[in-house]
Amino acid sequence: MEFDKNSTLKLAKLARLSLNAEQLNSLEKDLTSIVSFIDQLKEINTEKIDPTSNSLDQDLILREDVAENKLSNEDLLKNVPESELGFFVVPKVIE
Amino acid sequence: MSNNWQTVIGIEIHAQVNSKSKLFSSSSTGFGSAPNTQVSLVDAAMPGMLPVINKFCIEQAVKSGLGLNAKINSKSIFDRKNYFYQDLPQGYQISQFKDPIVGEGSIEIDLGDEKKVIGIERLHLEQDAGKSLHDQDPNLTFVDLNRSGIALMEIVSKPDMASPEEAVAYVKKVRTILRYLDTCDGNMEQGSLRADVNISVRKEGDELGTRCEIKNLNSFKHINAAINFEVDRQIKVIEGGDKIKQETRLYDVTLDKTRSMRSKEDAHDYRYFPDPDLLPLKLNQSWIDDLKKDLPELPDEKKARFVEQYKISDYDAEVLTSDRLTSEYFEKVAKNRNVKLAVSWVASELFAILNKLNLTIEKSPVNSDQLGDLIDEIENGIISNRAAKEVFEEMCESSKSVKEIINDKGLVQISDTTEIEKFIDQVLIENPDNVQKYKEGKTKLLGFFIGEVMKATKGKANPGLLNQIVKKKLDN
């Protein structure tokens with residue numbers, strides 16, 4: 001499958017990435033090759049197999065409802081470019 | 001406005017599961033903590049972190065599903081709903097798309113004398129997002145992730161409602177059921193329960209119109225007002241020759257208007273796919289059956305029982321069972337007592353004072369034992385119903401016992417016949433004219449005499465006895 005320019009632009013928009021022409025071009029090529037690799041897998045007949053089946057003989061692991069706050073506010077915000085009053089601070093975004 | 005327009009309403013309720021920890025991490029869910037103090041590495045989406053699901057949240061979702069008379073799915077799947085926003089560090093919300101934990105069900109709503117069945121489409125579990133504050137700085141947004149990852153149950157109705165009244169009755173009923181089940185505290189002010197309302201209008205017999213969704217309504221008043229505004233707006237648009245655009249709208253409380261938030265034309269492409277970090281959730285039928293066995297009595301059953309057991313009106317039963325704690329309070333008060341008194345004291349006097357003080361029943365200044373004591377005094381003829389109201393007011397403000405208050409205020413009722421007769425005789429002597437008129441046929445004056453004696457006794461005369469004796473004396 002060809003990954004055309006419009007699809008690449010749409011993906012970039014959904015991920016809030018602004019790309020120049022060169023980046024767009026190279027991404028288009030990469031994405032086309034990724035998608036065609038995935039397309040190969042589609043050739044296998046999976047009609048009778050559950051979408052989430054896997055090779056592990058295991059069920060979903062459950063956890064008891066016990067609350068603990070292990071991460072301090074200071075540690076949480078340690079690598080943040082900007083923070084104030086304990087908040088993450090980002091450019092104004094209102095949707 | 002022409003009246004052959006029909007309104008079609010469907011509602012999505014987001015109800016916070018009342019768990020101690022989040023859906024996929026152990027961070028606490030407490031309300032009102034300092035920003036970003038209940039955030040784990042999982043909630044902050046640090047690389048390599050893996051979600052582990054909270055068993056209690058699964059139980060609560062299943063219980064809620066059973067309470068909504070819905071089908072519990074023995075297998076459900078968690079999906080990623082992908083979108084980019086600053087209060088969603090993962091870049092996706094873990095939700096359930098194609099295979100929710102709970103399928104179709106239905107509940108019954110009361111509309112005065114009528115009942116209506118509203119269909120439930122599904123209930124699924126998902127993560128809440130963080131909170132963005134836009135008013136701290138003109139150019140910046142502040143983000144608090146304490147809420148990020150808290151478990152929500154999204155309950156989706158069928159488009160079965162046709163008016164704001166039905167919509168409000170539906171949300172109220174779902175809230176009541178969840179509170180009975182104790183799966184969500186239903187606190188709308190704190191955002192534990194909020195509603196997204198989908199509205200469209202059409203002419204009778206037409207196909208469904210284009211709908212608009214009003215997001216995040218957090219009170220019954222707002223639900224009602226937002227629907228009223230939106231229905232009018234849509235009809236005006238169509239009658240003006242325009243078309244409704246499918247979009248998300250916000251209800252502005254101060255302006256009492258809805259306004260466009262984002263257009264669905266630029267629809268989000270959520271690119272749902274099964275979360276590879278989570279295996280399918282499989283539920284065992286016997287486990288579901290056990291939960292079903294342990295369900296508490298639900299509002300409809302309780303209401304029917306109240307009508308049957310206490311011989312009270314449908315209306316009173318509805319009022320008393322609209323909240324689980326109220327119904328439990330009432331049953332304690334009514335136990336071995338006069339039911340009529342219990343109903344009137346709980347549904348009128350107690351509700352009035354709670355309303356006035358803006359309190360919920362769990363914070364009531366008078367507990368069920370104390371109110372029971374007060375009713376005992378009325379039933380035993382120690383105080384009149386009128387004096388009891390005075391005692392009740394005092395009870396709301398002090399910690400004194402009912403007996404103490406009655407003694408301190410000197411409210412013990414006069415039930416001694418000879419003593420009451422003395423007061424009556426005095427009143428009759430003082431009002432010979434009215435006695436004459438009464439004897440000539442103006443029997444309405446009976447109330448006047450009773451009133452005068454009440455005044456003289458400062459309201460302490462036993463009203464039943466007083467009535468009897470005055471009548472006897474005048475008729476002789």
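Provided above is the structure to which this section pertains.
Nothing here was measured: the structure is a model prediction, and the numbers come from that model.

Criteria and thresholds
Residues numbered from 1 in each chain as written. Chains lettered and ligands numbered in written order. Predicted model: local features only at pLDDT ≥ 70, side-chain atom pairs only at ≥ 80, totals over all residues. Contact = placed C-beta atoms within 7 Å. Helix = DSSP H or I, 4+ residues; strand = E, 2+ residues; numbered from the N terminus. Nonpolar A, V, L, I, M, F, W, Y, C, P; charged D, E, K, R; others polar. Pairing = 2+ DSSP bridges. Right-handed = clockwise from strand over helix to strand, strands pointing away.

A.B. asks: Summarise the interface of chain B and chain A; cite the residues concerned and give the values.
C.D. replies: Taken together, the contacts link 40 residues of chain B with 33 residues of chain A. Top contributing element to the side of chain B that touches chain A by residue count: strand β9 (residues 140-144) of chain B, with five residues. A breakdown of the residues in the side of chain B that touches chain A according to their chemical character gives 19 nonpolar, 15 polar and six charged. Two elements, strand β3 (residues 87-91) of chain A and β9 of chain B, share four bridges in a ladder whose sense is antiparallel. Counted as the bridge partner of Val90 of chain A is Thr141 of chain B from β9 of chain B.

A.B. asks: Describe in detail the sheet that holds strand β5 (residues 92-95) of chain B, supporting the description with residues and values.
C.D. replies: All names here are of chain B. Across the sheet, which stays open at both edges, the three strands sit in the order β5-β4-β15 with antiparallel pairing between neighbours. Two strands lie at the open edges of the sheet, namely β5 and β15 (273-274), each paired on one side alone. The sheet contact formed by strand β4 (residues 79-82) and β5 spans four bridges and is antiparallel. In the strand pairing of β5, Asp79 is matched with Ser95.

A.B. asks: Outline the pairing of strand β12 (residues 212-217) of chain B, supporting the account with residue identities and numerical values.
C.D. replies: Residue and element names in this part refer to chain B. In terms of strand pairing, strand β11 (residues 193-203) meets β12 through four bridges, oriented antiparallel. Bridge pairing in β12 places Val197 opposite Ile214. Across four bridges, the pairing between β12 and strand β13 (residues 247-252) is parallel. Pairing of Ile214 across the sheet is with Arg249, part of β13. Running through helix α3 (residues 220-239), the crossover from β12 to the neighbouring parallel element β13 is left-handed.

Nothing here speaks to function; it is all geometry.
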